[in-house]
Amino acid sequence: MTDLSPHDIVSQLDRHIIGQADAKRAVAIALRNRWRRMRLPEDLAKEVTPKNILMIGPTGVGKTEIARRLARLAEAPFIKIEATKFTEVGYVGRDVESIIRDLVGVAIKDERERRMLDVRHQAEDRAEERILDILLPPPRQDQPIQSDDSGARQVFRKKLREGELDDKEIEIDVSLIKPQVTWGTSPEMVVDFDQEIPNLDCVDVENKRNFELAKKYMGIEENQKVTDLKFDRVFIGSCTNSRIEDLRGAAKIVDGKKVSEDIIEAIVVPGSGLVKEQAESEGLHVIFKEAGFVWRDPGCSMCLGMNPDQLKPYERCASTSNRNFEGRQGNLGRTHLMSPLMAALTAVNGRVVDPS
Amino acid sequence: MKIERNELIIGGVVASIDRDNIDTDQIIPTEYLKSIKKFGFEDYLFDGWRYLDEGRLGISKNDRKQNPDFILNQTPYDKATILLTRDNFGCGSSREHAVWALRDFGIKIVIASSFGDIFYNNCFKNGVLPIKLDKNKIEDLFQKMSDNSADLSVSLDSKKIFQNENELYSFDVEENLLERIIYGLDDVDMTLKHKDKILAFEQTRMKNTPWIFSND
């Protein structure tokens, strides 16, 4: 935008919009004047009142299109809203505050995308270097340490880019990732167990509505963490997260402890008949039962709530299954997905706590 | 453009549900999957939103407390044949019941910006046409449906959507999938269309490799 003259702006607009020559000229001059004001020293800029652009006309003459194109030229955020009207009873339509919030949301998103684009190449290069570091065979003892851009590295780089190394496996250390707990009504609505649940103000405009609905459904207030919530039920089960090693881990945590009095019911449903058999041969069922868990036969159980294993409305459940949709575990039930270890801890404490 | 009389048109009332990611648990909760029939799910469609009380398989909608705020409980939307929604409709667990419930309710077309993959394919097996449109067109349709009468018609021949005989958009769908909707074909029917070729192949095979068919 920086050095576009009004004439240039008009010709840019002409590429997309037919007619409206006067309007185009007027908005181009207004935009240019705004830009000129921005270049003034601060004390002088205060003396110049910036002009807003108001376009009035019937539907379909191109007001929105001019605004949209202008926003793009100025790299400014753009939203279209249904007009707020002033009537005898006051303003109707969307309130100004929410419009401005959305506008800020768009601006943040635009800027984020711009910055991401800026560092994209850098990020890709660095990822490639890290992968090469891992893939390259370590130098043999008798050889001098190779410089960063050795022949081997170049060969590997070429292979990597051409997809010849796609079958290679690399290991990534994930020990720094904290236990994840979902807060919403879709598996991707997830946070570190001790992280604040996203505030609506920080969410992309696109996701805002989904987040709003999810928070309302889950009974979550602003500035809350998962650790602030009181749980009613615990379900350790499902084919995905009730393997023998899951049960061993959970049993270790509850061994010698009792299920919290706040928890109405905590159940363990082994992932399969074989898992149940194995667990019982290791005596895990005794540990669970002594702690106050219900030890069940394998089955789907509360993963989908098809049988009577369901949540009552508004009950909150720590569940090791993998779906947390509205009503999945029973009409109006609130599901928080977490690992078997975190679920076991939640059973003992009545809420999500720090495992360390 | 005017709709030609001999075109294949599906039209009717459009019910809009302004949400992303409507999953199959939402479309029909698990409680009702216990039925061993493949029809009769109309009363359980969107059960969690549609009723204020808890339901059970076999209880009809007339014996339930209906939620007056939910669109499918309001006239004329209780007779809707088209459902308009947002992104990723039919995601979540794969269950054909989700399509059956829509179909049994009378929904013939679902318009969304994207679909859960399995749900999308299940639709064609049950005579429900899923239409994918760009997000901005979906936005536009939501506006149009709230401003004016919520009526649309869809031409299957020309793959176009009309409002009051005005063309709004055209859409894309694979020919052979569309054929299933138009002629009401399922997988077996589609296979049987090649009956001659299958028979010819079998006959040649019987001649060339007779030992496969001997019972000794």
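Worth saying up front: this structure is predicted, and the values here are computed from it rather than measured.

Asks: Explain the overall build of chain A to me, please; I cannot follow it from the model alone.
Replies: What chain A contains, in helices and strands, is 11 helices and 9 strands. Counting only residues that meet the buried cut, chain A has 26% of its 356 residues in that class. In chain A, 64% of the contacts between residues at least 6 apart in sequence involve partners at least 24 apart.

Asks: Is there a simple way to think about the overall build of chain B in this case?
Replies: When you go through chain B residue by residue, the secondary structure sums to 8 helices and 7 strands. Sorting the 216 residues of chain B into buried and exposed places 32% on the buried side. Sequence-distant contacts, at least 24 apart, represent 65% of the contacts inside chain B between residues at least 6 apart.

Asks: Explain the sheet that holds strand β7 (residues 166-170) of chain B here, please?
Replies: Strands in a sheet are paired, the pairing made by backbone hydrogen bonds, and the direction either parallel or antiparallel. Residue and element names in this part refer to chain B. Spatial ordering of the open sheet is given by β4-β3-β2-β1-β5-β6-β7, a layout of 7 strands whose pairing is mixed. Of all strands in the sheet, those with a lone pairing partner are β4 (129-132) and β7, marking the two edges. Taking each pair of neighbouring strands and ignoring which way they run, the sheet shows an average axis angle of 30 degrees. Where strand β1 (residues 9-16) and strand β2 (residues 82-84) come together, 3 bridges link them in parallel fashion. What sits directly across from Ser16, in β2, is Leu84.

Asks: Looking at this structure, how should I read the packing of helix α8 (residues 244-254) of chain A against helix α11 (residues 340-349) of chain A?
Replies: How two helices pack is summed up by the angle between their axes together with the distance between the axes. Residues and elements named next belong to chain A. In contact at an axis separation of 8 Å, α8 and α11 are set at 30 degrees when each is read in the N-to-C sense. As summarised for this structure, α8 and α11 are arranged roughly parallel, according to the angle between their axes. Crossing hand, α8 versus α11: right-handed. In this structure, α8 contributes Asp246, Gly249, Ala250, Ile253 and Val254 to the contact, and α11 contributes Pro340, Leu341, Ala343, Ala344, Leu345, Ala347 and Val348.

Asks: Any chance you could explain the sheet that holds strand β6 (residues 265-268) of chain A here in plain terms?
Replies: Residues and elements named next belong to chain A. Read across the open sheet, the 5 strands follow the order β7-β6-β5-β8-β9; overall the sheet is parallel. Of all strands in the sheet, those with a lone pairing partner are β7 (294-295) and β9 (334-337), marking the two edges. As paired strands, strand β5 (residues 233-236) and strand β8 (residues 316-319) are joined by 3 bridges and run parallel to one another. When the bridges of β8 are listed, Phe235 appears paired with Ser319. Each of β5, β6 and β8 touches α11; the most contacted strand, β5, lies at about 150 degrees to it.

Asks: Sorry, what's going on with the nonpolar core here?
Replies: Looking at soluble globular proteins, one finds that nonpolar side chains tend to be buried together. In this structure, A:Val234, A:Val254, A:Phe288, A:Ala343, A:Ala344 and A:Ala347 are the most contacted members of the largest nonpolar core, which totals 44 residues. Counting only elements with at least two residues in this core, the list comes to α7 (205-218), β5, α8, β6, α9 (273-281), α10 (284-291), β8 and α11 of chain A. Broken down by element, the residue count for this core peaks at 6 residues, all from α11(A). Non-local contacts of A:Val254, meaning those with residues more than four positions away in its chain, are made with A:Ile287, A:Phe288, A:Ala291, A:Ala344, A:Ala347 and A:Val348. Among the nonpolar cores identified, the runner-up in size contains 43 residues, and B:Ile27, B:Ile28, B:Phe41 and B:Ile111 belong to it.

Asks: Would you take a moment to explain unusual backbone geometry for this structure?
Replies: With an omega of 0 degrees, the peptide bond between B:Thr75 and B:Pro76 qualifies as cis. Following the sequence through the fold, B:Pro76 ends up in the loop between α2 (47-50) and β2. The phi dihedral of A:Tyr314 is positive, around 70 degrees, even though this residue is not glycine. Summarising the element assignment, A:Tyr314 is placed in the loop between β7 and β8. Judged by the 13 C-beta atoms lying within 10 Å of it, A:Tyr314 is partly exposed.

Asks: For this particular structure, what's the right way to read helix α2 (residues 21-39) of chain A?
Replies: Residues lying three or four places apart along an α-helix face the same way, a consequence of the helix completing one turn every 3.6 residues. All names here are of chain A. Look at α2: 27 Å from first C-alpha to last across 19 residues, which is about the 27 Å you get at 1.5 Å a residue. All of the buried residues in α2 are Lys24, Val27, Ala28 and Leu31. The arc that holds the buried residues of α2, viewed along the axis, is 105 degrees, so those residues lie on one side. Every exposed residue of α2 that faces more than 90 degrees away from the buried side is listed here: Asp22 and Arg36.

Asks: Sorry, what's going on with the pairing of β1(B) here?
Replies: Consecutive side chains along a regular strand alternate between the two faces of the sheet. Where β1(B) and strand β5 (residues 151-155) of chain B come together, 5 bridges link them in antiparallel fashion. Paired with B:Ile9 across the bridge in β5(B) is B:Ser155.

Asks: What should I look at first to understand the environment of B:Ile17 in this one?
Replies: With respect to the helices and strands, the residue B:Ile17 is situated in the loop between β1 and α1 (24-27). Ignoring anything within four residues of it in the chain, the contact list for B:Ile17 reads B:Ile22, B:Ile71, B:Leu83 and B:Thr85.

Asks: Honestly, the pairing of β9(A) in this entry has me stumped. Any pointers?
Replies: Residue and element names in this part refer to chain A. A two-sided burial pattern is seen for β9, the buried positions comprising Arg334 and His336 on one face and Thr335 and Leu337 on the other. In this sheet, β9 lies alongside β8 in parallel orientation, the contact comprising 4 bridges. Counted as the bridge partner of Ala318 is His336 from β9.

Asks: I keep staring at the confidence of the model for chain B and nothing clicks. Help me out?
Replies: Low pLDDT means the predicted atomic positions in that stretch should not be read closely. Residue and element names in this part refer to chain B. Per-residue confidence for chain B averages 90 on the pLDDT scale, and 95% of its residues sit at or above 70. Contacts from residues 1-5, a stretch scored under 50 in pLDDT, to residues over four places away or in other chains number 6 contacts. Note on the complex model: pTM 0.69, ipTM 0.76.

Asks: It is not clear to me how the environment of A:Asp201 should be interpreted in this structure. Could you clarify?
Replies: Residue and element names in this part refer to chain A. Take Asp201: it is sitting in the loop between β4 (190-192) and α7. According to the C-beta neighbour criterion, Asp201 is exposed, with 11 such atoms within 10 Å. Counting along the chain gives 96 residues from Asp201 to Gly105, while the straight-line C-alpha distance between them is 7.7 Å.

Rules used in this analysis
Residues numbered from 1 in each chain as written. Chains lettered and ligands numbered in written order. Predicted model: local features only at pLDDT ≥ 70, side-chain atom pairs only at ≥ 80, totals over all residues. Helix = DSSP H or I, 4+ residues; strand = E, 2+ residues; numbered from the N terminus. Buried ≥ 20, exposed ≤ 12 C-beta atoms within 10 Å, placed from the backbone. Contact = placed C-beta atoms within 7 Å. Pairing = 2+ DSSP bridges. Axes fitted to C-alpha atoms, helices over the stretch in contact; angles between N-to-C directions. Parallel < 35°, antiparallel > 145°, perpendicular 65-115°, else oblique. Left-handed = near helix turned anticlockwise from the far one by under 90°. Core = buried A, V, L, I, M, F, W, Y, C linked by C-beta atoms within 7 Å. Expected span 1.5 Å × (residues − 1). Arc of directions from axis to C-beta. pLDDT = per-residue confidence, 0-100.

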